[in-house]
Amino acid sequence: MEPFLGANRLNWDDRAELHSTDTTGSYHIENVLAGGSNLYELETREVGDIVGKDIVHLQCHIGLDTISLKNLGAGSVTGLDFSPTAIAAARDFAAKAGTDVRFVEAPLFEAVEALGRTFDIAYVTWGSVNWLDDVFRWARVVADLLRPGGRLYLAEGHPLMFQCDRKAAALEFKHDWRTPIARPLAWNEELTYTGDDRVLKHPRYYEWIHPVSDVVNALISAGLTLDFLNEHDTVSWQHFSFAVRAGKDMFGLPENSPKIPMAYSIGATKRSVGKIPYLVTPKAIEGH
């Protein structure tokens, strides 16, 4: 998998460089550095009580959400990302904000060893699991990072949305509902998603579509109990050119378009006992 993950790392190094010097306003940098939050209303509503909690923010990118969690009252917050450029930017933002937030550079699948501790909450949002080849392995990492009774909060783009051709002028299916591990979707995009007109030096990247059922079953098999599964008709970026703004910083489909779920969110709690013995990864999933 290293060729795919290596290309993604270079791509995200480029994005981190652009996003940390963002001039479009997408990342609300000054607001976060002044003690505010750039979390979306959906996340703030669903994540639950974080005051005094120890939180790990996986795939934290340039750390602004991580710092926001601390600004909102978390006891401690640790951000992890595989991009050295992103972690350097995150540490710089934390220093400018005068905020005590820890940032660690490591691949997601090495998080347990890199972090060396457990947490009350694992926070994972927007463009996370679609960058990972194995969602069952991801769920085991999440479980290992949580204390018994600890919680996961996940907000992510919906796989049904990812199946549609994002270059088309209207909703049109293009991709299968599940992406084989060894055959990811390959993209060449010169621009990042913020609207910045600066060109990425490494435009090639790879993604995987994971059905919601795989994500849910992965979490259950890793020892978590589902608290909620919600689907949403808006998402936090303009995935389609014809998508329209729907509330603050969110995008949905226009009135003349049939509606599909654009995002989903999951809350799950780590059980204090072991895994459910009869629930195992299906052979069909292991094989791709």
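Quantities reported herein were computed from a predicted structural model and do not represent experimental measurements.

In this structure, what is going on with the overall build of the protein? I would like to understand it.
Secondary structure assignment for the protein yields ten helices and twelve strands. For a compact globule of 288 residues, the expected C-alpha radius of gyration is about 19 Å, and the protein comes in at 18 Å, within 12% of that figure. When its C-alpha atoms are laid out on the principal axes, the protein stretches across 50 × 50 × 40 Å. Within the protein, the fraction of its 288 residues that count as buried is 56%. Residue pairs in contact within the protein that sit at least 24 positions apart in sequence constitute 74% of those at least 6 positions apart. A total accessible area of about 12700 Å² is found for the protein, and carbon and sulfur atoms account for 53% of it. The positive charge centre, built from 28 side chains, and the negative charge centre, built from 38, are 4 Å apart in the protein.

Looking at this structure, how should I read the sheet that holds strand S11 (residues 251-252)?
Spatial ordering of the open sheet is given by S9-S11-S10, a layout of three strands whose pairing is antiparallel. The strands lining the two open edges of the sheet, one partner per strand, are strand S9 (234-235) and strand S10 (244-245). With two bridges connecting them, S9 and S11 associate as antiparallel partners. The partner of Val235 across the bridge, within S11, is Phe251.

Where do I start with the nonpolar core in this structure?
In summary, soluble globular proteins display a tendency toward joint burial of nonpolar side chains. Core analysis: the biggest nonpolar cluster contains 51 residues, and Ile55, Ile62, Phe103, Trp126, Met161 and Phe240 have the highest contact counts within it. For this core, the secondary-structure elements that each account for two or more residues are helix H1 (2-19), helix H2 (29-33), helix H4 (64-71), helix H5 (84-97), strand S4 (119-125), strand S5 (146-157), helix H8 (159-163) and strand S6 (185-188). For Trp126, the residues in contact, after removing those within four places along its chain, are Tyr40, Leu42, Glu43, Ala155, Glu156, Gly157, Val235, Ser236, Trp237, Met250 and Ala263. The next biggest cluster of nonpolar side chains, apart from the first, holds 35 residues, and it includes Leu80, Phe136, Leu224 and Ile266.

What counts as what
Residues numbered from 1 in each chain as written. Predicted model: local features only at pLDDT ≥ 70, side-chain atom pairs only at ≥ 80, totals over all residues. Heavy atoms only, no water. Helix = DSSP H or I, 4+ residues; strand = E, 2+ residues; numbered from the N terminus. Rg over C-alpha atoms; globule rule 2.2 N^0.38 Å. Buried < 20%, exposed > 50% of the residue type's maximum accessible area, 1.4 Å probe, protein only. Contact = heavy atoms within 4.5 Å. Areas by Shrake-Rupley, 256 points an atom, 1.4 Å probe, with all protein chains shown as cover. Lys, Arg positive; Asp, Glu negative; His and termini not counted. Charge placed at Lys NZ, Arg CZ, Asp CG, Glu CD. Pairing = 2+ DSSP bridges. Core = buried A, V, L, I, M, F, W, Y, C linked by side-chain atoms within 4.5 Å.

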